[in-house]
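Breakdown of the fold
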Amino acid sequence: MAFNGLARLSLLAILHTVVSSFELAGPRLVGIPTIPFNASANGETYDVSAIQSIIVDQAYADLVDESGETLIPPTLTQFGSIFAADVSEIWNLDKINQTEGEAAQPNSIFLTIDETPSYQYVSGEASSEGYTLEVTTSGIVIRGASPLGVWWGTRTLIQLALLSNGELPLGTSVDVPGWKIRGMMLDDGRHFYPSEFITELCAYMSFFKQNTLHLHISDNLINSGSYTREQSLSLYARFRLWSEAEEVKGLNNFKNESYTKDDFKAMQQACAARGVTIIPEIESPGHALPIVQWKPELGLSTDLSLLNISHPDTIPSVKTIWSTFFDWFDSKTVHIGADEYTGPVDDYNLFVNELADFIQTNGSKSVRIWGTFPPKPNYDNITTTVSVQHWEFFEDNPLFDYIKNNYTTVNSDDTFYVVNKYSGSYPQSVPIAKTFTGDPATGGLWQPNIFDTKNKTNNPERSNPLIPGAIAPLWNDYGPNTSVYSEAYYAWRDGIPALADKQWGGNLSMAEFETAYSVLQPSAPGQNLERKIPSKTSLILQYAADSWTSTPEDGKILVADLSDNGLDGVTNCPLGSDNTIQITPNCSIDTPISSKGRNYTLALRLFINSTSENDATLISGHDSALMLTPNITLFASGNYYRLNSTLPLQTWVDLNIVGRGARTFASVKEVSVDDPFCENTVTAQGDGVEEEEFLARIGVNGRSLVWAPIAIEAPVAEIGQGGWNGAFAGVILSSET
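The model shown is predicted, which means the values in this text are computed figures rather than measured ones.

1. Concerning the overall build of the chain
Along its length, the chain carries 15 helices and 42 strands. For the chain, the C-alpha radius of gyration of 28 Å lies close to 27 Å, the compact-globule estimate for 737 residues. Along the three orthogonal principal directions, the C-alpha set of the chain runs to about 85 × 75 × 45 Å. Looking at the 737 residues of the chain, the share that counts as buried comes to 59%. Nonlocal contacts in the chain, meaning residues at least 24 apart in sequence, comprise 70% of its contacts between residues at least 6 apart. With an accessible surface of roughly 27700 Å², the chain has 48% of that area assigned to carbon and sulfur atoms. Distance between charge centroids for the chain: 3 Å, based on 44 positive and 86 negative side chains.

Shown next as C-alpha cells:
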C-alpha cells in the first residue's frame, strides 16, 4: 500500500514517539489532536489494506445529531459516504464498498452509535462528539455518541493509518473533546473569499477536529480621522450577502464579490458535511460603514463607521437586515458584532439587548457579541442570554467581568490573532509556540480556559461551564489588495492543527507536533488549498514544437505533453509555417490543469505581434491570469499586481513567472524561436536575466503605503483567447525555481 510520499524511516521515528508517549503522558497515541489509546499487550497490528468495506449500522443510518450548533446535521450514512471517499483518496485503494448492515463483518470498518454513551466535555456537560475506536484482528469498529462523534473517530482512524504506515496497533481509544467550540474566525468583510475556498478550508480544519468557522461577513477599512466625510462614504466597506429583496436594496452593490442565498446555503452544507458549522457575523453598531454608506443618515457624526443608535431609523434598519437573512443561516447561533463602539454606552447596551431579543424571538437563534462594554452596577447591562467573545484585556477581563457575572464567554484573546500580510501590532501567522508554553501557571500547554498567558489569576478553572471553547481570528485590516485568497490559508496552515490539538484537550509537545504535522498536513483530505499537481518529476508540463502535428481532429489539434505526466492539451488555433501555434483573440490552447501553487517556474515562449485590448490575457487559470495591461500583470483574487516592465512586440521572448515561497517574480529574455527550450534552461539561475518582483501595495489607514511580497498561483489552464495576436512556441511548468 502506498502512503503519499511517506518515508519508512520517518514513520519508524513516529512509531517510536508513539511508544514513548505512553510513559510520558499515559496511554495515548500521537495524532493531531492526541489520541487516548489502550494498546493490546501483545503489540499486534492490523493492516488497513485488508479493509474491504465500510458498513453503516442500518439501525442508525438516518440518525442525526440535533444537539450541536448546526441546523443541518448529516446522517450517519452521509458521514460514512464522505469517509469512504477520503479513504479511497488517502489510502490509494480502489473505491471502497459502502453498505448498510446489522453488524461488523470480517475486514470491515463498522460505523455505529453507542447506545449508552458517557462522553463529557471538561465542564461535565454531556458531549455528542465522543467516540470509541476499536481495532481488532478482524477489523475496525467506531462507536459514536452521535453521527458527529463517529465522524471524529474516522478522522482519528485516517490519521493513525498515515502515522503507522497502515499498520494500526490493536487496541481501543475512548476519546471526547474538552470543549464544544473549537475553531477559527475569517475576516470576509474586508477581503472576499469564494465559496470554494471556504469549503476547502472547512475540510482542512475538520481533519484536525475543529468544528467552528466564524465568518465575519461585513466590515470596512479603518475609518481614520484623516478622512473627509466624502472619503469615508467611499472608503472600502462591504456586506457580503447578495439579496434581491427591496428592503435591503443598496446595502450591497458588489454582486461579483458576494454570496447569493444558494451560495451561502451550499457553503454551510459542505462544511457541515465535514462536521464544521459556519457562524455568520453581521457587524454593527461599530465597523458599520457598509450600513452607513447605504443609509448615510444613520452614521454617528464623529465617526461614520459607527451607527448613531439614537437615530429613530437605526435599530429598525438593522432589524430589517437581520430579518432578510434569518433563513439563510443554518446555525443555532449568530454573531451581531458589537465590537469597538465608542458612542454612548447606554445606547450600545440598548442596541444589543433589543437586537438580541429580536433575533431570539423572530429568528430562533442565540446571539453572540464581541466584548466591548463589561457590565457595571450603574449600567442597564447586556442580558446574560447573550454570549460574549473576549478578544483583548484593554476591553475587558473575561473572568471578572463576564464569567463571574454568569456570561458564557468564548476565548478569542489576541494571543493568537493574525493580521494578514502586514501589521504594526500582530503577527502574520499563528504564533504556534504559544500553544506549547501559554499556561502562565506552569509555563506549559495553553488550553481554551487560558485567557491570559501572562497572569494566572485571570484564568478560570479548566472545568468552568461558562467557557464553551476558543476561536482564533484572522483579520484583513488593510483590505483586499493586501493578499490573495490562499495567503489566509498559509497564515493558518500550521496554526490550525497546533490550536486544534489544544482546543480538543490534547497535549502534544512541540517535537511531537512537528513530527506528526509533517506527515498529516500534506494528506488532509477534501481540499487542495496548496494547488498541488501530482508529477513524476520536477517537470510537470511541457509543450514544445514536438507536441503538435498538423492533423486536426474535430477541428482541434492535439498538443502532447512532453513530460512524463500525460497532461495533453488541445488547440483550435492554426499552425504557422515555422511550426508554431498562431494565436488570435478567437482561439486558445487548453490544458487539463488549472493552477500551480507555491514553488514553480512557468515559462512561456511567445511572439506578441499586437494587442487588441487594453487588458490582453496571455494565459489564465482558476486562481490567476497573466496579462499585459500593458505592463506585465498578474490578476488574482480580484486585484491587479503590475510590474514596471512590459513585453517587447514583434520579437520572440521567454517570459518566466517564478513562485518562490511567499514571493512571485517575472523575467523577460529576448530569444530566437529555435533556441533551446527545456526545464534546465528556463530554471537556470545566474544567466544575467534580471527578475522583477510582484508586490502588494498596502494602504495604511490613509496615512502611508507599505509594499509587501505576494504569493500568486501560476495560471496554466488556457493560453490565448485574451485580446492578442502572435505566436506560441512552448510552455514549461516546473516545480524547480
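2. Observations regarding the pairing of strand S12 (residues 181-187)
Residues in a regular strand project their side chains so that they alternate between the two faces of the sheet. Extensive coverage of S12 is indicated by the burial of seven of its seven residues. Every second residue of S12 is oriented toward a common face, with Ile181, Gly183, Met185 and Asp187 on one face and Arg182, Met184 and Leu186 on the other, all of them buried. Note: S12 against strand S24 (residues 469-475), six bridges, orientation parallel. Across the sheet, leucine 186 pairs through a bridge with leucine 474, a residue of S24. One crossover worth recording links S12 to the parallel strand S13 (residues 212-216) by way of helix H4 (residues 195-207), and it is right-handed.

3. Section: unusual backbone geometry
Proline 33 follows isoleucine 32 through a cis peptide bond whose omega is 5°. Looking at the secondary structure, you find proline 33 in the loop between strand S1 (28-29) and strand S2 (35-36). Between serine 284 and the following residue, proline 285, the backbone shows a cis peptide bond with an omega angle of 5°. Located in the positive-phi region is asparagine 599, a residue other than glycine, with phi close to 70°. You can see asparagine 599 is positioned in the loop between strand S30 (595-596) and strand S31 (600-611). Look at glutamine 650: it is not a glycine, yet its phi comes out positive at around 60°. Among the structural elements, glutamine 650 can be located in the loop between strand S35 (639-642) and strand S36 (652-660). Take glutamine 650: its relative accessible area is 53%, and that puts it in the exposed class.

4. Some remarks on helix H13 (residues 495-504)
Within H13, 10 of the 10 residues are buried, which leaves it mostly tucked inside the rest of the structure. Of all the positions in H13, only Gly495, Ile496, Pro497, Ala498, Leu499, Ala500, Asp501, Lys502, Gln503 and Trp504 are classed as buried. Of the residues trailing H13, glycine 505 is marked for its positive phi of about 115°.

5. Quick word on the sheet that holds strand S9 (residues 139-144)
Across the sheet, seven strands lie side by side as S3-S11-S8-S9-S7-S5-S6; this open sheet has mixed pairing. Bordering the open sheet on either side are strand S3 (38-39) and strand S6 (97-101), each of which pairs with just one other strand. Across six bridges, the pairing between strand S8 (residues 131-136) and S9 is antiparallel. Within S9, the position partnered with tyrosine 131 by the bridge is glycine 144.

6. Overview of the sheet that holds strand S27 (residues 569-571)
Read across the open sheet, the eight strands follow the order S26-S27-S29-S41-S32-S33-S34-S35; overall the sheet is antiparallel. Because the sheet does not close on itself, it has two edges, and the strands there are strand S26 (557-559) and S35. Going across the sheet, the axis of each strand differs from the next one's by a mean of 25°, ignoring polarity. Alignment of strand S32 (residues 616-620) against strand S33 (residues 624-628), held across four bridges, turns out to be antiparallel. Looking at the pairing, alanine 616 lines up with leucine 628 of S33.

7. Some details on the pattern of salt bridges
Enumeration according to the criterion identifies 24 salt bridges in this entry. Its salt-bridge partner being arginine 190, residue aspartate 477 comes within 3.4 Å of it at the nearest N-O pair. Here the residue aspartate 477 occupies a position in the loop between S24 and helix H12 (485-492), and arginine 190 occupies one in the loop between S12 and H4, the gap between them amounting to 287 residues. Across this residue pair, the class does not change: aspartate 477 and arginine 190 are buried. Here arginine 531 makes a salt bridge to glutamate 196, at a shortest N to O gap of 3.9 Å. Placement of arginine 531 in the loop between helix H14 (510-520) and strand S25 (539-543) and of glutamate 196 in helix H4 is noted, with a sequence separation of 335 residues between them. We classify glutamate 196 as partly exposed; its relative accessible area is 35%. Each of Asp187, Arg190, Asp219 and Asp477 takes part in a single network of salt bridges with overlapping partners.

8. A look at the state of the cysteines
If you walk through the whole model with that rule in mind, you get two disulfides. Residue pairing for cysteine 202: its cysteine sulfur links by disulfide to cysteine 271, the two sulfurs lying 2.1 Å apart. An S-S torsion of about 85° defines the bridge between cysteine 202 and cysteine 271 as right-handed. A residue pair is termed long-range when its members are at least 10 positions apart, and cysteine 202 in helix H4 and cysteine 271 in helix H6 (residues 261-272) qualify at 69 residues. What makes cysteine 202 buried here is its relative accessible area of 0%.

9. Side note on the confidence of the model for the chain
This prediction gives the chain a mean pLDDT of 94; 96% of its residues lie at or above 70. This model gives residues 1-25 a pLDDT under 50, and the stretch forms 45 contacts once residues within four places in sequence are excluded.

10. Looking at H4
Taking 1.5 Å as the rise per residue, H4 with 13 residues should run 18 Å; its terminal C-alpha atoms sit 19 Å apart, in good agreement. Among the 13 residues in H4, 10 count as buried, and that is most of the element. All of the buried residues in H4 are Phe197, Ile198, Glu200, Leu201, Cys202, Ala203, Tyr204, Met205, Ser206 and Phe207.

11. A closer look at the nonpolar core
Within the largest apolar cluster, 138 residues are counted, with the highest numbers of intra-cluster contacts made by Ile109, Ile140, Leu186, Ile198, Trp322, Phe329 and Ile369. The element best represented in this core is helix H3 (residues 147-163), accounting for 10 residues. Those residues in contact with tryptophan 322 that sit more than four places away from it in its chain are Ile282, Phe329, Val334, His335, Ile336, Leu355, Phe358 and Ile359. Counting 46 residues, the second-largest nonpolar core is a separate cluster that includes Tyr600, Val716, Phe728 and Leu733.

12. What to know about the environment of leucine 705
With respect to the helices and strands, the residue leucine 705 is situated in strand S39 (residues 704-709). Considering only alpha carbons, one finds leucine 705 and threonine 199, 506 residues apart in sequence, at a separation of 33 Å. Setting aside residues no more than four positions away along its own chain, leucine 705 makes contact with Arg697, Ile698 and Gly699.

13. Concerning the packing of aromatic side chains
Aromatic rings considered in pairs are described by the distance between their centres and by the relative angle of their planes. Taken as a whole and assessed by the stated rule, the structure comprises 30 aromatic pairs. In this structure an aromatic cluster arises from ring pairing among Trp370, Trp391, Phe394, Tyr417, Tyr426 and Trp475. When the ring centre of tryptophan 294 is taken as reference, the NZ or CZ atom of lysine 295 above it lies at 4.6 Å. For the cation-ring pair, arginine 598 lies above tyrosine 490, with the distance from its terminal atom to the ring centre recorded as 3.6 Å.

Rules and cut-offs
- Residues numbered from 1 in each chain as written.
- Predicted model: local features only at pLDDT ≥ 70, side-chain atom pairs only at ≥ 80, totals over all residues.
- Heavy atoms only, no water.
- Helix = DSSP H or I, 4+ residues; strand = E, 2+ residues; numbered from the N terminus.
- Rg over C-alpha atoms; globule rule 2.2 N^0.38 Å.
- Buried < 20%, exposed > 50% of the residue type's maximum accessible area, 1.4 Å probe, protein only.
- Contact = heavy atoms within 4.5 Å.
- Areas by Shrake-Rupley, 256 points an atom, 1.4 Å probe, with all protein chains shown as cover.
- Lys, Arg positive; Asp, Glu negative; His and termini not counted.
- Charge placed at Lys NZ, Arg CZ, Asp CG, Glu CD.
- Pairing = 2+ DSSP bridges.
- Right-handed = clockwise from strand over helix to strand, strands pointing away.
- Axes fitted to C-alpha atoms, helices over the stretch in contact; angles between N-to-C directions.
- Salt bridge = Lys/Arg side-chain N within 4 Å of Asp/Glu carboxyl O.
- Disulfide = S-S within 2.5 Å.
- pLDDT = per-residue confidence, 0-100.
- Expected span 1.5 Å × (residues − 1).
- Core = buried A, V, L, I, M, F, W, Y, C linked by side-chain atoms within 4.5 Å.
- Phe/Tyr/Trp six-rings, centres within 6.5 Å; stacked < 30°, edge-to-face > 60°.
- Lys NZ or Arg CZ within 6 Å of the ring centre and 35° of its normal.

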